[in-house]
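# Inside the fold
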Amino acid sequence: MVHDIEGISPGFYKNTHLIQAGNFRQKIGYLCINQAIARDCAVTLFFLSNYLSYQTAVQLAGFVEKSVYLFSNYWQIDSSGIGAFYDDETQDFLETNKDVLYAMAIGK
């Protein structure tokens, strides 16, 4: 979910494709258990999986999240993992039947 990146339209992206343009800050903040960091960041990432092994999927999501965190830290961009969100409502909002494993807030 892009909220505020110069040169990129705000909205819901899947990979690099804009699925729906719009300001979703309030909705994302709500979905992440009303955490201001999810609402106020520049980008909110959601890690999804239709795993065969839950343990492997969570480990891979954690590995990717930590890699993004390290790159963000290197470029001096704030980032934070978000482990609490409304599972079913987030799935519905993202229009997916995949499980939402993790979320991440990047930038201000």
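Here, the structure is the one placed above.
Here the structure is a predicted model, which is why all the values come from computation and not from measurement. Within each chain, residue numbers correspond to sequence positions counted from 1 in written order. The predicted origin of the model limits local features to residues at a pLDDT of at least 70 and limits the giving and counting of side-chain atom pairs to 80 or more, whereas totals for whole chains, interfaces and linings rest on all residues. Side-chain figures throughout are based on the complete set of non-hydrogen atoms in the structure, without hydrogens or water.

### Remarks on the packing of aromatic side chains
What characterises a pair of aromatic rings is the spacing of the ring centres plus the angle enclosed by the ring planes. A pair of aromatic rings is counted whenever rings of Phe, Tyr or Trp (Trp by its six-membered ring) have centres within 6.5 Å, and the orientation is called stacked for planes under 30 degrees apart, edge-to-face for over 60 and tilted otherwise. Applying the stated criterion across every chain yields a total of 6 aromatic pairs. Three or more aromatic residues link up through ring pairs in this structure, and these residues are Phe12, Phe24 and Phe93.

### What to know about the pairing of strand β1 (residues 11-14)
Strands qualify as paired when DSSP identifies two bridges or more between them. The helix count covers DSSP runs of H or I at least four residues long, the strand count covers runs of E at least two residues long, and both are numbered beginning at the N terminus. By the bridge criterion, 4 bridges tie β1 to strand β2 (residues 17-21) in an arrangement that is antiparallel. Across the sheet, residue Tyr13 finds its bridge partner in β2, namely Leu18. Hairpin connection of β1 to β2: 2 residues between the antiparallel strands, including Asn15 at a positive phi of 60°.

### Describing the nonpolar core
As used here, the term nonpolar core means buried Ala, Val, Leu, Ile, Met, Phe, Trp, Tyr and Cys residues forming a set that is joined through side-chain atoms within 4.5 Å. Partly exposed residues are those whose accessible area sits between 20% and 50% of the maximum for their type, while under 20% is buried and over 50% is exposed, using a 1.4 Å probe and protein chains only. With 16 residues, the main nonpolar core has Met1, Ile28, Cys32, Phe46, Phe93 and Leu94 as its most contacted residues. Among the secondary structure elements, those contributing two or more residues to this core are α1 (25-31), α4 (87-94) and β5 (99-106). When residues in this core are grouped by element, the largest group, 3 residues, is from β5. A contact between two residues is defined here by any heavy atoms of the two lying within 4.5 Å. Not counting residues within four places of it along the chain, the set of residues in contact with Cys32 comprises Ala38, Phe46, Ile82, Ala84, Phe85 and Ala103.

### Observations regarding the layout of surface pockets
Gaps left between atoms are located by rolling a probe of water-molecule size over the structure's atoms. Only protein atoms enter the 1 Å grid used here, on which a cavity is any set of points holding a 1.4 Å probe that cannot leave and a pocket is any open set flanked by protein within 12 Å on both sides along at least five of seven lines; residues with an atom within 4 Å of a point are listed as lining. Grid points are joined across faces, edges and corners, and a volume is the space filled by probe spheres set on the points. Space inside the largest pocket adds up to approximately 650 Å³. Lining the largest pocket are 19 residues, and of these Tyr13, Lys14, Asn15, Phe46 and Leu48 sit closest to its centre. The set of elements that each furnish at least two residues to the lining of the largest pocket consists of β1 and β3 (43-49). No other element matches the 7 residues that β3 contributes to the lining of the largest pocket. For the lining of the largest pocket, the residue count by class is 12 nonpolar, 4 polar and 3 charged. Its volume calculated, the second largest pocket comes out at about 210 Å³. The set of elements that each furnish at least two residues to the lining of the second largest pocket consists of α3 (54-74), α4 and β5. For this classification, the nonpolar set comprises Ala, Val, Leu, Ile, Met, Phe, Trp, Tyr, Cys and Pro, the charged set comprises Asp, Glu, Lys and Arg, and every other residue, Gly included, is treated as polar. In the lining of the second largest pocket, the residues fall into 7 nonpolar, 2 polar and 2 charged.

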